[in-house]
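Residues per chain, in single letters:
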Amino acid sequence: MSEPRTWRDAALILRTQKLGETDRIIIMLTRDGGITHAVAKAVRKPTSKFGGRLEPFMHTDLSFSRGRTNLHTITQAATLHAYTAPIMANYDAYTCASTIAELAEALTKDTDSTADIYTLTHGALAALAHGQHVPQRILTRYLARSMNAAGWPLIGENCTRCGNPLVSADSQGDNGADTPGATGGSGRYIAFHTAHTYGHHTVLCPQCAPTTDTPLTGLRAEELGYALATASADPRAWATIDAAPVPVASKILGLYLKTTQNLLEHPLKTASALEAEIPAS
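The paragraphs below set out a description of the structure included in this document. Per-chain numbering applies: the sequence of each chain, read as written, is numbered from 1 onward. Only residues with pLDDT of at least 70 get local features here, since the model is predicted, and only at 80 or more are side-chain atom pairs given and counted; chain-wide, interface and lining totals rely on the full set of residues. In computing side-chain properties, one takes all heavy atoms of the structure into account and sets aside hydrogens as well as water.

## Observations concerning the nonpolar core
So, point 1. Counting residues in hydrophobic clusters, the biggest one holds 60 residues, and the most contacted among them are Ile87, Leu128, Tyr142, Leu143 and Tyr256.
So, point 2. Only DSSP runs of H or I with at least four residues qualify as helices, and only runs of E with at least two residues qualify as strands; both kinds are numbered from the N terminus onward. Listing elements by their share of this core, those giving two or more residues are β1 (6-19), α2 (91-108), α3 (115-130), α4 (135-149), β8 (203-204), α6 (221-231), α7 (237-243) and α8 (246-264).
So, point 3. Counting residues in each nonpolar core, the second largest holds 14 residues, with Ala11, Ile13, Met28 and Leu54 among its members. Each nonpolar core is a collection of buried residues, namely Ala, Val, Leu, Ile, Met, Phe, Trp, Tyr and Cys, held together in the definition by side-chain atoms within 4.5 Å. Per-residue accessibility, obtained with a 1.4 Å probe over protein chains only, is compared with the maximum for each type, and a residue is labelled buried under 20%, exposed over 50%, and partly exposed between these values.

## Let's talk about the packing of aromatic side chains
So, point 1. The rule is short: rings of Phe, Tyr and Trp, with Trp giving its six-membered ring, pair when the centres are within 6.5 Å, and they are stacked under 30 degrees, edge-to-face over 60, tilted in between. Using the criterion set out here, one finds two aromatic pairs in the structure.
So, point 2. With a centroid separation of 6.2 Å and 75 degrees between ring planes, the pair formed by Phe57 and Tyr94 is classed as edge-to-face. Remark: Tyr94 occurs in helix α2 and Phe57 occurs in the loop between β3 (34-40) and β4 (59-65); sequence separation between them is 37 residues.
So, point 3. For Phe57, a relative accessible area of 3% gives the class buried.
So, point 4. Its relative accessible area of 32% is what places Tyr94 among the partly exposed residues.
So, point 5. Charge-over-ring contacts are defined here by two conditions on Lys NZ or Arg CZ: a distance within 6 Å of the ring centre and an angle within 35 degrees of the ring normal. Just above the ring of Trp7 sits the side chain of Arg66; from NZ or CZ to the centre is 4.3 Å.

## What about the side chain of Arg137?
So, point 1. Considering the arrangement of structural elements, one finds Arg137 in helix α4.
So, point 2. As used in this structure description, the phrase polar contact means that two N or O atoms lie within 3.5 Å; if the pair is within protein, one of them must be able to donate a hydrogen and the other to accept it, and residues adjacent in sequence are counted only when both atoms belong to side chains. At 2.6 Å, the side chain of Arg137 forms a polar contact with the backbone oxygen of Ile241.
So, point 3. A polar contact of 3.4 Å, which involves the side chain of Arg137, links it to the backbone oxygen of Asp242.
So, point 4. Not counting the four nearest positions on each side in its chain, Arg137 is found in contact with Tyr226, Trp238, Ile241, Asp242, Ala243, Ala244, Pro245, Val246, Ala249 and Glu277. Note on definitions: a residue-residue contact is assigned when non-hydrogen atoms from the two residues lie within 4.5 Å.

Here it is, written out as structure tokens:
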């Protein structure tokens, strides 16, 4: 059965690149077709019919004409949600949105199962545009949930090596004694980001934590609770996420970024532009 010559789909614009003197190639994540590359002809002309509808982070309804290769042509565009302007007006929102867009492309370019990533990406961009939460925390939650949807969970309630539940140090009546091999803080939870050495393992119980010079980071109960909240699909988890101290949130974001880039086996170029969260005055 031949594919239709024309079709429509909703799309999140991830990035663009120039083509010739007046055209652009639009790289987008579509609701039904996953990652799609398409040419917007004459879009760089002042009189373009597309206007600003094909700028990064826009949510648009597009009509396509199929090309002979995987590069199609956009024939019509209608705005569904204009996220670009409010995101561009806030530097932290812009840098976080750029990292979200880069990760969304990386997680969906070689798979047909993109519906969950599309939904998560749309939700994250909407939250950034509406200023609902601190941008860095929106990014943190997107990292946790999108990587889990892609089959690479960054956090869990059980040790990812032996499967035993992680027990809070506080509940054991100790004072968070140092775990062998941990750096950057003590605690009974061990998070690490040496993905090439340990496969998909990200959180280890004290019994499974290697006593080597492998770079490990201890997590206390508060930090693990925050990390688990970021991975939860329950909207009520935002109460925990929003209330967390800045050092806790910054620590988990740093671990997530390092782990994600190791699992992807390449750096996220936009992550270098991210700025640290500033505590509220």
